[in-house]
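# An overview of the molecular structure
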Amino acid sequence: MIRLGGILLGVLVALAPAALANGDAARGKAKGEQCFACHGETGNSTMPNIPSLAAQPAGAMFLQLFLFREKLRDVPAMTPFVEGRSDQDLEDLAAYFAGQTLAPNDEPHDSARYQRGSELSQRLRCASCHGMGYKGQVQVPRLAGQREDYMLMALEQYQKNERTGIDTNMVAAVYGVPAADLAALAHYMARQK
Ligand code: HEC
Ligand code: HEC
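Just so it is clear, the model here is predicted, and its values are computed rather than measured.

For the iron atom of ligand 2, the full set of protein donor atoms is His130 (NE2) and Met170 (SD), at a range of 2.0 to 2.1 Å. Viewed at the metal, the six donor atoms of the iron atom of ligand 2 are separated by angles of 87 to 179°, and the geometry they form is octahedral. Separated by 40 residues along the polypeptide, histidine 130 in helix 8 (residues 127–130) and methionine 170 in helix 10 (residues 169–173) bring together distant segments of the chain. The exposure class of histidine 130 is buried, given its relative accessible area of 9%.

Rendered as structure tokens:
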């Protein structure tokens, strides 16, 4: 575990600046046609439990694509689409989706859950990593406007320690948070712009 952490940290340090600078969105669109069936042509997913990619930080997407390719985040649905891709391909794909506009969320709004999610996200300091307005930053993903079902699934997986990522920050962030509060957090984040 410790050794894996060391390797990953090295990888992140090496990739961080490159990932933000070198992607070409036009090339990414051409390379990303296979992605549209699941994530939507403009990165707005209409599929349950499949994340939207529009307006996500390029660095965050590059990192996840890299983790999928190296099977450090093992998601069978994603594997065939990243296997054999170069780092440049991943950067181009990330640049394309990062430049897309996230569609507004028009799903019904539950004021009690929204209010609870707002309080919790301040108390648990989600913005300290996910950035102002939860728009994501550097390698931390955007939460604002992401699909509610996908975020709830992710939060539940982190809590059960069933979701691997770059580190254990998220496992710690949701430690001991009751199930109803995870749902409130996902409800609130999905309705941020
Ligand atoms: C068959 C459907 C499918 C296709 C096609 C697909 N994906 Fe995915 N993708 C998924 C699923 C499902 C997840 C979420 C997995 C999970 O966390 O359980 C995902 C997650 C991701 C994530 C992580 C997002 C996040 O917020 O963590 C990125 C980035 C991504 N996909 C990019 C792509 C790109 C780029 C392509 C095309 C090269 C692609 N995907 C093709 C199903 C697909
Ligand atoms: C200490 C930093 C940190 C804090 C605090 C934090 N997060 Fe995260 N979060 C991350 C990182 C980093 C990731 C990317 C996952 C990875 O690769 O490990 C992430 C991923 C996520 C994801 C998955 C998003 C996706 O697109 O796959 C959700 C949902 C999430 N966080 C919600 C929250 C909520 C809600 C809070 C507040 C309760 C929170 N986070 C607090 C760092 C943090």
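With that settled, consider the coordination of the iron atom of ligand 1. With distances of 2.0 to 2.1 Å, the protein atoms coordinating the iron atom of ligand 1 are His39 (NE2) and Met78 (SD). The site at the iron atom of ligand 1 holds six donor atoms, and with the angles between them running 85 to 178°, its shape is octahedral. Within this pair, whereas histidine 39 is found in helix 3 (residues 36–39), its partner methionine 78 is found in the loop between helix 4 (58–69) and helix 5 (79–82), the two being separated by 39 residues in sequence. Its relative accessible area of 10% is what places histidine 39 among the buried residues. The exposure class of methionine 78 is buried, given its relative accessible area of 14%.

Looking now at the pattern of salt bridges. If the charged atoms of two oppositely charged side chains come close together, the side chains can form a pair. In the structure shown here, the tally under the stated rule is 15 salt bridges. A salt bridge links lysine 31 to aspartate 92; its shortest N-O distance comes to 2.7 Å. One end of the pair, lysine 31, is in helix 2 (residues 25–31); the other, aspartate 92, is in helix 6 (residues 87–98), with 61 residues separating them in the sequence. The exposure class of lysine 31 is partly exposed, given its relative accessible area of 24%. Ionic pairing is found between aspartate 87 and arginine 69, a salt bridge with its closest N-O pair at 2.8 Å.

With that out of the way, let us pick up the packing of aromatic side chains. How two aromatic rings sit relative to each other is set out by the distance from centre to centre and by the angle between their planes. Inspection of the entire model under this criterion finds six aromatic pairs. Centroid distance tyrosine 96 to phenylalanine 97: 4.9 Å. Interplanar angle 65°. Geometry classified as edge-to-face. Phenylalanine 97 matches tyrosine 96 in its accessibility class, with the two residues each being buried. An aromatic cluster is defined as three or more aromatic residues linked by ring pairs; in this entry it consists of Phe36, Tyr96 and Phe97.

Backbone geometry follows two general trends: most residues other than glycine have a negative phi, and most peptide bonds adopt the trans configuration. Phi at alanine 55 is positive, roughly 65°, even though this residue is not glycine. With respect to the element layout, alanine 55 can be found in the loop between helix 3 and helix 4. In this structure, arginine 125 takes a positive phi of about 55° despite not being glycine. On the secondary structure map, arginine 125 appears in the loop between helix 7 (111–123) and helix 8. With relative accessibility at 56%, the residue arginine 125 sits in the exposed group.

Time to look at the packing of helix 7 against helix 11 (residues 179–190). In contact at an axis separation of 7 Å, helix 7 and helix 11 are set at 95° when each is read in the N-to-C sense. As summarised for this structure, helix 7 and helix 11 are arranged roughly perpendicular, according to the angle between their axes. Where helix 7 abuts helix 11, its residues Arg113, Tyr114, Arg116, Gly117, Ser118, Leu120 and Ser121 lie against Asp181, Ala183, Ala184, Leu185, His187, Tyr188 and Met189. Residues that form the contact of helix 7 with helix 11 fall into these classes: seven nonpolar, four polar and three charged.

As a further point, take the site of ligand 2. Taken together, 23 residues sit near ligand 2, with Cys126, Cys129, His130, Tyr150 and Met170 positioned nearest. Between ligand 2 and tyrosine 150 there is a distance of 2.7 Å, counted from an oxygen atom to a side-chain nitrogen or oxygen. Between ligand 2 and arginine 163 there is a distance of 3.4 Å, counted from an oxygen atom to a side-chain nitrogen or oxygen. Within the residue set of the shell around ligand 2, elements represented by two or more residues are helix 8, helix 9 (148–159) and helix 10. Among the elements that line the shell around ligand 2, the one with the most residues is helix 9, at four residues.

Definitions and cut-offs
Residues numbered from 1 in each chain as written. Chains lettered and ligands numbered in written order. Predicted model: local features only at pLDDT ≥ 70, side-chain atom pairs only at ≥ 80, totals over all residues. Heavy atoms only, no water. Donors = N, O, S within 2.8 Å, 3.2 Å for Na, K, Ca; no water. Tetrahedral: all angles 85-135°; square planar, octahedral: opposite > 155°, others 65-115°. Helix = DSSP H or I, 4+ residues; strand = E, 2+ residues; numbered from the N terminus. Buried < 20%, exposed > 50% of the residue type's maximum accessible area, 1.4 Å probe, protein only. Salt bridge = Lys/Arg side-chain N within 4 Å of Asp/Glu carboxyl O. Phe/Tyr/Trp six-rings, centres within 6.5 Å; stacked < 30°, edge-to-face > 60°. Axes fitted to C-alpha atoms, helices over the stretch in contact; angles between N-to-C directions. Parallel < 35°, antiparallel > 145°, perpendicular 65-115°, else oblique. Contact = heavy atoms within 4.5 Å. Nonpolar A, V, L, I, M, F, W, Y, C, P; charged D, E, K, R; others polar. Near = heavy atom within 4 Å. Polar contact = N/O pair within 3.5 Å; in protein donor to acceptor, adjacent residues only side chain to side chain.

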